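Close look at the chain arrangement
The residues making up each chain are set out below.
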Amino acid sequence: MRTILAHRLFPLLPVVAIVIVLPACFPSAYYYRVAALVFIFGLAALGLNLLMGFAGQVSLGHAAFLGVGGYAVAIGPARLGGSPCVYVIAGALLSGLIAWVAGRPILRLKGHYLAVVTLGFGLLLAIALNNETGLTGGPDGISVPRLVVLGLTLRTAADWYWISAAFFLLGALVALNLIDSPTGRALRAIHDSEVAARVLGVDVAAKKLLVFVMSAAYASVAGSLFALLNGHITPDLAGFLRSIELVAMVVLGGMGSVIGSLVGAAFLVILPQTLAVLHDYEHMVLGLVLMLAMIFLRAGIVPTLSRFVTVRPA
Amino acid sequence: MAEFLQFAFSGLTAGAVYALAALGFTLIFNSCGVINFAQGEFVMLGGMITVFLSLAGLPLPLAACLAIVAVVLVGFGIHVFAIDRARDATTVALIVITIGASIFLRGAAQVLFDKRFHTLPSWFGDNPIVVGGAAILPQSLAVLGVAVVIVVLLWALIDRTLLGKAIVATASNQLAASLAGINTRLMVGLSFAISAAIGSAAGIVITPIMFTSYDIGTLLALKGFAAAMLGGIGHPVGAVVGGIVLGLSEAFSAGYFSSQYKDAVALVLLLAVLFACPHGLLGRPSPERV
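The shown structure was predicted, so the numbers you read here are calculated from the model rather than taken from an experiment.

**Focus: the overall build of chain B**
Scanning chain B from terminus to terminus reveals eleven helices and two strands. At 19 Å, chain B has a C-alpha radius of gyration in line with the 19 Å of a compact globule built from 290 residues. Seen along its three principal axes, the alpha-carbon backbone of chain B occupies a region of about 60 × 50 × 35 Å. For chain B, the residues scored as buried account for 52% of the 290 residues in total.

This is the structure:
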């Protein structure tokens, strides 16, 4: 029993169980949609968590990669033809390439300077998406073609629930394996102290670049899924507020916690939906809950709660 | 030449506002290492409270003073009820708390006031002053004047009073400062209060030119943060320099290049500066502890 509990992939078991059981409690398609959004933003937050929670590098512009993935599946099939599936991969590759090229100068910076430079890159992309009306439709956005797989058109929220859950689980599987690899240990060493990691022979620049490229690819796939689910995309997806939201998901759920990314995403996707009944008071309550959660669960929801649950053998 | 002067004046006016926002970031960053994302909301609240108090019939100077007092209380409140409660949390967690505070304040402004745009009458009338062919609004001069007064007052406070020295001591080393008998928690709270005062004053003086509404805070926080980083975070002179440089670069790129991409030009400048000097224009690298 203990070996199962200690296995690195154990955290995935409850998620798989929830994915299978949850639809039984869904009274309407709306619930499938919200749950799909949770998995999509969970995937993006997970990628950012690899960068923030493990390598200790903050990005305040990560929504830019959501935008790249989203616009890839919107513009690609319309301009160049082919299935959106191809463009999900193409978007991820493009995001990875952008991260690889931009990451070299960016990741030399540290702390708040890194934060402001990633913020700047994110804003630049959002400005371009807003202004290049011919290509992106400008602030009104553009529609995204429906995905057709094996002759079936995927349009219902339930289809997207299963697809986004599968993508999240795949992302979590990759992340959990990465964390337990020599690269994962190197990343944690970088988080603790770059100087110490370098002294121990870790190629700090290469590892940081690797995890930046990976987190960009995660966000890009999440952006593609979001665009395909909605059938429409606007530059808001790549905006500053989205970037902030992703950071809040990571920190709220728990830095360095794979399940925490999903919990943080669930919190910040579901809360505004339930608070919508409060109309004008929605933002006040949202801000208040965010502050209270961070004050009382300061290490993040999952790490704080798991400290209570974990029974340590005497 | 007239065109150049015109752009330079509008750049200086915007730059003065960014510099004030950046000073607020710098003060709070120095006292507790936190980037306060609610800084833009202080500017918004300053303008909005003044507008609504003067709509309620109060004379403008009284409304402005009451607005500053109210925003100072809000800033101090954020420290007492949120930041101080979580003072042993990580910096990122504290930053998320300030993000929560900014969402909360924006939501509160939406409920207490409304979602429309508001303005205030200009202090010295609306007749532009013509200098070398460029038209300058008297209110722009008021913005620059207020900015200069605030910077001088802040310098006098930090450099010439015992209280200022206590704030500086807290900024440089909290533990050592508390061992010297300084109430460091109060000093951090005061930094929040002073930042709120600076922000609200900026909000009041720009409202006649730039308008205000419940959601202008985000953009101002972004610009102020960028200006603070451009100059070198934690460096008050850097904050002022960064704000002016950012404002001028925006105005000139909007004038000579493209108004759609004016923010983009300013951002490219920010990135270029940080790649060339990774600690900002005036910042100095600090050795990393192992």
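Back to the text.
**Thoughts on the overall build of chain A**
For chain A, the helix and strand inventory stands at 15 helices and four strands. Computed over C-alpha atoms, the radius of gyration of chain A comes to 19 Å, within 12% of the 20 Å expected from 2.2 N^0.38 for 314 residues, which places it in the range of a compact globule. Each of the three principal axes of chain A carries a C-alpha extent, and together these read 60 × 45 × 45 Å. A buried classification covers 51% of the 314 residues belonging to chain A. Within chain A, contacts between residues at least 6 apart in sequence are counted, and of these 78% link residues at least 24 apart.

**Section: the environment of V86 of chain A**
All names here are of chain A. For V86, the position within the fold is in helix α5 (residues 84–106). Its 15 C-beta neighbours within 10 Å are what place V86 among the partly exposed residues. Expressed as a C-alpha distance, the spacing of V86 and K110, which sit 24 residues apart in the sequence, is 36 Å.

**Thoughts on helix α3 (residues 60–83) of chain B**
The terminal C-alpha atoms of α3 of chain B, which comprises 24 residues, lie 33 Å apart, in line with the 34 Å expected from a rise of 1.5 Å per residue. Taken together, the buried positions of α3 of chain B are occupied by A63, A64, A67, I68, V71, V72, V74, G75, I78, H79, A82 and I83 of chain B. Where α3 of chain B is buried, its residues meet α14 (282–296) of chain A together with α1 (2–32), α2 (39–55), α4 (91–112) and α8 (184–210) of chain B.

**A word on the environment of L60 of chain A**
Residues and elements named next belong to chain A. If you trace the backbone, L60 turns up in the loop between α3 (29–54) and α4 (63–80). Among the residues examined, L60 registers 25 C-beta atoms within 10 Å and is labelled buried. Between the alpha carbons of L60 and V117 there is a distance of 8.2 Å; along the sequence they are 57 residues apart. L60 has contacts with A115, T118, L119, G122, S243 and V247, leaving out every residue within four places of it along the chain.

**Points about the packing of α1 of chain B against helix α10 (residues 236–256) of chain B**
Residues and elements named next belong to chain B. The contact between α1 and α10 brings their axes to 6 Å, and the two run at 145°. Note that α1 runs across α10; the crossing there is right-handed. Considered class by class, the residues forming the contact of α1 with α10 number 17 nonpolar, eight polar and two charged.

**Concerning the packing of helix α9 (residues 182–192) of chain A against helix α11 (residues 204–230) of chain A**
Residues and elements named next belong to chain A. Between α9 and α11, whose axes approach to 10 Å, the crossing angle comes to 110°. With respect to their mutual orientation, α9 and α11 come out roughly perpendicular. Here T183, A186, L187 and I190 of α9 lie close against α11, whose contacting residues are V204, K207, K208, L210 and V211. Among the residues forming the contact of α9 with α11, the class breakdown is six nonpolar, one polar and two charged.

**Here's the deal with the confidence of the model for chain B**
Confidence in the prediction of chain B, expressed as mean pLDDT, is 88, and 98% of residues score 70 or more. Of the two predicted TM-score estimates for the complex, the pTM is 0.86 and the ipTM is 0.85.

**Things to note about the nonpolar core**
As a rule of thumb, soluble globular proteins bury nonpolar side chains together. Of all hydrophobic cores here, the largest spans 203 residues; its most connected members are I40, A44 and A222 of chain A together with A19, A21 and V96 of chain B. Examining the composition of this core, we find that 17 residues originate from one element, α3 of chain A, more than from any other. For A222 of chain A, the residues in contact, after removing those within four places along its chain, are I40, F41, L43, A44, L66 and G69 of chain A.

**Here we look at the environment of M294 of chain A**
Within the secondary structure, M294 of chain A is located in helix α14. Taking the C-beta count within 10 Å as the criterion, M294 of chain A has 28 such neighbours and is therefore assigned buried. When residues no more than four places from it in sequence are discounted, the contact partners of M294 of chain A are L252 of chain A together with A86, A93, V96, I97 and G100 of chain B.

**Focus: unusual backbone geometry**
At F211 of chain B, a position not held by glycine, the phi torsion is positive, near 65°. Here F211 of chain B falls in the partly exposed class, since 15 other C-beta atoms lie within 10 Å of it.

**Observations concerning α9 of chain A**
Since the α-helix packs 3.6 residues into each turn, any two residues three or four apart lie on the same face. Residue and element names in this part refer to chain A. For α9, the complete set of buried residues consists of G184, A186, L187 and I190. One side of α9 holds all its buried residues, which, seen down the axis, span an arc of 160°. Exposed positions of α9 whose direction lies more than 90 degrees from the buried face are P182 and D192. Buried residues belonging to α9 abut α3, α8 (157–179), α10 (194–199) and α11.

Parameters at a glance
Numbering of residues starts from 1 in each chain and follows the order in which that chain's sequence is written. Chain letters start at A and ligand numbers start at 1, both assigned in the order the entries are written. Since the coordinates come from a predicted model, pLDDT governs what is reported: local features require at least 70, and pairs of side-chain atoms require 80 or more to be given and counted, while whole-chain, interface and lining totals use all residues. Put simply, DSSP marks the helices as runs of H or I at least four residues long and the strands as runs of E at least two long, and each gets a number from the N terminus on. Two things to know: the radius of gyration comes from C-alpha atoms, and the globule rule equals 2.2 Å times the number of residues to the power 0.38. Whether a residue is buried, exposed or partly exposed is read from the other C-beta atoms within 10 Å of its own C-beta, which are placed from the backbone; 20 or more gives buried, 12 or fewer gives exposed, and intermediate counts give partly exposed. Residue pairs qualify as contacts under a 7 Å threshold applied to their C-beta atoms, which are placed from the backbone. Given the number of residues in a helix, its expected span is that number minus one, multiplied by 1.5 Å. For helices, the fitted axis covers only the stretch in contact; all axes are lines through C-alpha atoms, and the angles between them, taken along N-to-C directions, range from 0 to 180 degrees. Crossing handedness: left-handed means the near helix sits turned counterclockwise from the far one by under a right angle, and right-handed means the same turn made clockwise. Residues are grouped as follows: nonpolar covers Ala, Val, Leu, Ile, Met, Phe, Trp, Tyr, Cys and Pro; charged covers Asp, Glu, Lys and Arg; every other residue, Gly included, is treated as polar. Any angle that is under 35 degrees is reported as roughly parallel, and any over 145 degrees as roughly antiparallel; angles of 65 to 115 degrees are reported as roughly perpendicular and all others as oblique. One confidence number per residue, pLDDT, is output by the predictor and ranges from 0 to 100. Connectivity within a nonpolar core runs through C-beta atoms within 7 Å, and the core itself is a set of buried Ala, Val, Leu, Ile, Met, Phe, Trp, Tyr and Cys residues. Directions are taken from the helix axis to each C-beta atom, and the arc is the one they span.

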